[in-house]
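# Understanding the architecture of this molecule
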Amino acid sequence: MNFFTKETKTALQAKEQALWLAFAPIAFQASKALRDMGILQAVAEAGTQGITLDEILEKVSLSRYSTRVLLEAGLGLDMLLVNDKRYTLTKTGFFILNDRLTRINMDFSHDVCYKAMYHLQDSLTEGKPEGLKELGPWETIYPGLSLLPEPARTSWFNFDHYYSDLAFPSVLPIVFEHKPKKLLDIGGNTGKWSIACANYDPEVQVTIFDLPAQVNVAKQKIAEAGVADRIDFFVSNILDESLPFANGYDVIWMSQFLDCFSEAQIISILRRCREALNDGGSIFILEPFWNRQQFKSAAFCLQQTSLYFTAIANGNSQMYHTDDFFDCIRAAGLEVVMENNDMGLSYTLLRCVKA
């Protein structure tokens, strides 16, 4: 990946980018308003013939003034074109309106991150998620995930699940290649992965290791899926080294979990995972590494998501570069014996064993 090794813009293009960034919060809110208040949809339905301001007013519940300022903002945002006073949708406008990935990212940025990011600089200097106060009273976001106010809760889980769920079909055959009998799902969240495992192999026994609030949600989902007889729970705080750790597993699974922790915490978790493995066991780690992305836009999204961890989640974790992450694996007494960078939308699957 060579996205970040050379200057590619002219001076004029660089200044244009700088001015975009200067107005980025306003541009973001305008984009969301164009989407949510029906203007993009009205323009899209008009097709290539376009639609006038007066015709749009017949389709939206906005004043002429409000509609006009949003349309004019949409021109500058490259979401709309205007010819002979008739507006048409650009490709960017189409994706803002219709692309599920873009919609999920925008909702997450708005509902979870937007107000909290006002506290980013405080978070960077204090080493604490100072923006979390905008969502709830917790020290980190994790105990409060199932308690987040709406629409933040829905947007958070949509963001979290969309990426990893796409990887499940290609990951399952690899994880079950050696027919593990006991699998530990650390950070099981709502139980989606554990349910997928139970459905994939009727003989596997799965244990979900998570905090109480998340386990309560997972129990309901697992009961509804009809696999409660093969999925049990280990309720604990994985960051408390004084507490017992689940042990005796053929496979330990962590999906988009370790990026929720600092490097020191990752090493601590991996060391205890190492001790929990049966002889010949494997630790599978599914993570989106920003330096393993095929597209620059994907790397960009992950780099910016790191700042969600800084300001909101816990103040000390991120979406990692593989150099830093692999250092943690080695420090925990493990080695990577498989790396597959073609999992789902943006994921790498690592198989680690005792060094």
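Scroll up for the structure.
These remarks concern the structure in this document. As the structure is a computational prediction, the values presented were derived from the model and not from experiment.

About the thresholds
Residues numbered from 1 in each chain as written. Predicted model: local features only at pLDDT ≥ 70, side-chain atom pairs only at ≥ 80, totals over all residues. Heavy atoms only, no water. Axes fitted to C-alpha atoms, helices over the stretch in contact; angles between N-to-C directions. Helix = DSSP H or I, 4+ residues; strand = E, 2+ residues; numbered from the N terminus. Parallel < 35°, antiparallel > 145°, perpendicular 65-115°, else oblique. Left-handed = near helix turned anticlockwise from the far one by under 90°. Contact = heavy atoms within 4.5 Å. Disulfide = S-S within 2.5 Å. Buried < 20%, exposed > 50% of the residue type's maximum accessible area, 1.4 Å probe, protein only. Right-handed = clockwise from strand over helix to strand, strands pointing away.

Contact geometry for helix H12 (residues 263-276) and helix H14 (residues 322-331): axes closest at 8 Å, N-to-C directions at 40°. One finds that H12 runs oblique with respect to H14. In this structure, the crossing between H12 and H14 has a hand that is right-handed. For the pair formed by H12 and H14, the contact residues are Glu263, Ile266, Ile267, Leu270 and Arg271 on the first element and Asp324, Phe325, Cys328, Ile329 and Ala331 on the second.

Attention now moves to the state of the cysteines. Scanning the model with the defined rule gives 0 disulfides in all. Considering cysteine sulfurs only, cysteine 352 is the nearest to cysteine 328, which forms no disulfide, with 11 Å between them. We classify cysteine 328 as buried; its relative accessible area is 2%. For cysteine 352, which is in no disulfide, the shortest distance to another cysteine sulfur is to cysteine 273 and amounts to 9.9 Å. On the basis of relative accessible area, cysteine 352 is assigned to the buried category, the value being 0%.

To continue, consider the pairing of strand S6 (residues 249-255). With 6 of 7 residues buried, S6 lies mostly within the body of the structure. Each parallel crossover has a hand, and the one from S6 via H12 to strand S7 (residues 277-287) is right-handed.

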